[in-house]
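Observations on the model geometry
Residues per chain, in single letters:
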Amino acid sequence: MGKLRRTWLKLVSPLAWSRPGAERRFLASFSETERGSAVDMLAAAELTERRDLRRKYFIHALDETRHARLFARRAGDFGAESVRARAALNDANTLQAHGIVGGRSLFERYGELEFLAFVHRSEALAVEQFGVYHDLELLDEKTDQMLQNILRDEHFHVGYSRTELERYTRSGKGADVQRALRKVFWRRPWEAWMRFSVQIGHVVTSFWMTVLYLVVVAPFKLGAARERPGFRDVPPDPRSRMTAARGQG
Ligand SMILES: [Fe+2]
Ligand SMILES: [Fe+2]
């Protein structure tokens, strides 16, 4: 992919993997991402009208399911019990974060061509990222071996999606392919920006709620006194309608 991204990955990956608990966190999150991809691919296998691609989408889904399991197991080896224990909850989150949004799968939202462009780019990025981990020898031997195993499938995913895009281009849809690739390219930074905006929103909301609490709510505490515990007699209010009614009797 881009030279810039590769350089960036080479710079930050050693730092990221040297932090305590990095293996557990990264492997668990990879597992979740793979499970999300499996859901996307199953939805695509169900929705596509091309029989030849249905088979490939299905094989792709099985691959991703296997990857999710491998990553989860390895994350478990590093102490991430939650990967399996919270599987149901994770699935719900994964569906929202990676696949089914508002009841619509990626395939439904993008259509076949853009979906293929998305698959191609995502898989190529993953191959690049895992390749950097391997080249820099950031992983222990067992994890690295597992990753090499997974990478073989990922190369297949990159390859078949590229072949399909090239087939679209040869059939005279080159402009559509380029447009789909551009859309997919720009969606990533846009979504990153949106995620960042949500984080900023949380910080700003916390700040203003704290200010509101300190300035508006907290002063009431100064004038407030604690009530005595237990029941108390309440003297009748001579102006109340109930007192007036009792007086009539
Ligand atoms: Fe995968
Ligand atoms: Fe993949």
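Residues numbered from 1 in each chain as written. Chains lettered and ligands numbered in written order. Predicted model: local features only at pLDDT ≥ 70, side-chain atom pairs only at ≥ 80, totals over all residues.

**Here we look at the overall build of the protein**
This is how the line gets drawn: By the criteria applied, helices consist of DSSP H or I runs no shorter than four residues and strands consist of E runs no shorter than two, each listed in order from the N terminus. Note on burial: count the other C-beta atoms lying within 10 Å of the residue's C-beta; 20 or more is buried, 12 or fewer is exposed, in between is partly exposed, and C-beta positions come from the backbone. Contact between residues is assigned whenever the C-beta positions, reconstructed from backbone atoms, fall within 7 Å.
For the protein, the helix and strand inventory stands at 9 helices and 0 strands. Helices (α) and strands (β) of the protein occur, in sequence order from the N terminus, as α-α-α-α-α-α-α-α-α. Buried residues in the protein amount to 25% of all 249 residues. Restricting to contacts in the protein with at least 6 residues of sequence separation, those with at least 24 account for 74%.

**Concerning the packing of helix 2 (residues 22–47) against helix 3 (residues 51–77)**
Here is the rule we go by: Angles here are taken between N-to-C directions and fall from 0 to 180 degrees, while the axes themselves are lines fitted to C-alpha atoms, restricted in helices to the stretch in contact. These descriptions rest on fixed angle ranges, namely under 35 degrees for roughly parallel, over 145 for roughly antiparallel, 65 to 115 for roughly perpendicular, and the rest for oblique. The handedness criterion is simple: a crossing whose near helix is rotated anticlockwise from the far helix by less than a right angle is left-handed, and one whose near helix is rotated clockwise is right-handed.
Where helix 2 meets helix 3, the closest approach of the two axes is 7 Å, and the angle between their N-to-C directions is 160 degrees. Between helix 2 and helix 3, the crossing angle belongs to the class labelled roughly antiparallel. The two elements helix 2 and helix 3 cross, and the hand of that crossing is left-handed.

**Looking at the packing of helix 7 (residues 112–135) against helix 8 (residues 141–223)**
Operational definition: Throughout this entry, Asp, Glu, Lys and Arg are counted as charged residues, while Ala, Val, Leu, Ile, Met, Phe, Trp, Tyr, Cys and Pro are counted as nonpolar. The remaining residues, Gly among them, count as polar.
Taken N-terminus to C-terminus, the directions of helix 7 and helix 8 make an angle of 145 degrees; their axes are 6 Å apart at the nearest point. Classified by chirality, the crossing of helix 8 by helix 7 is left-handed. Looking at the contact of helix 7 with helix 8 residue by residue, the class counts come to 20 nonpolar, 6 polar and 9 charged.

**Considerations on the environment of tyrosine 160**
Position of tyrosine 160 among the secondary structure elements: in helix 8. Separated by 40 residues in the primary sequence, tyrosine 160 and histidine 120 have C-alpha atoms spaced 8.4 Å apart.

**Re helix 3**
Defined as follows: Given the number of residues in a helix, its expected span is that number minus one, multiplied by 1.5 Å.
Over its 27 residues, helix 3 runs 40 Å from end to end, which matches the ideal 39 Å to within 8%, given 1.5 Å per residue. Within two residues after helix 3, glycine 79 carries a phi angle of roughly 100 degrees, on the positive side.

**A look at unusual backbone geometry**
Positive phi, normally seen in glycine, also occurs at glutamate 137, with a value near 55 degrees. For glutamate 137, the position within the fold is in the loop between helix 7 and helix 8. The exposed category is assigned to glutamate 137, around which 10 C-beta atoms lie within 10 Å.

**Digging into the confidence of the model for the protein**
The condition is simple: Here pLDDT means the predictor's own confidence in every residue, given as a number from 0 to 100.
Considering every residue of the protein, the mean pLDDT works out to 87; 90% of them sit at 70 or more. By mean pLDDT, the top-scoring element of the protein is helix 7 (95), and the lowest-scoring one is helix 4 (residues 82–85) (54).

**Let's talk about the environment of glycine 2**
Following the sequence through the fold, glycine 2 ends up in the segment before helix 1 (3–18). The class of glycine 2 is exposed, set by 10 C-beta atoms lying within 10 Å. Taking C-alpha positions, glycine 2 is 9.4 Å from leucine 125, a pair spaced 123 residues apart along the chain.

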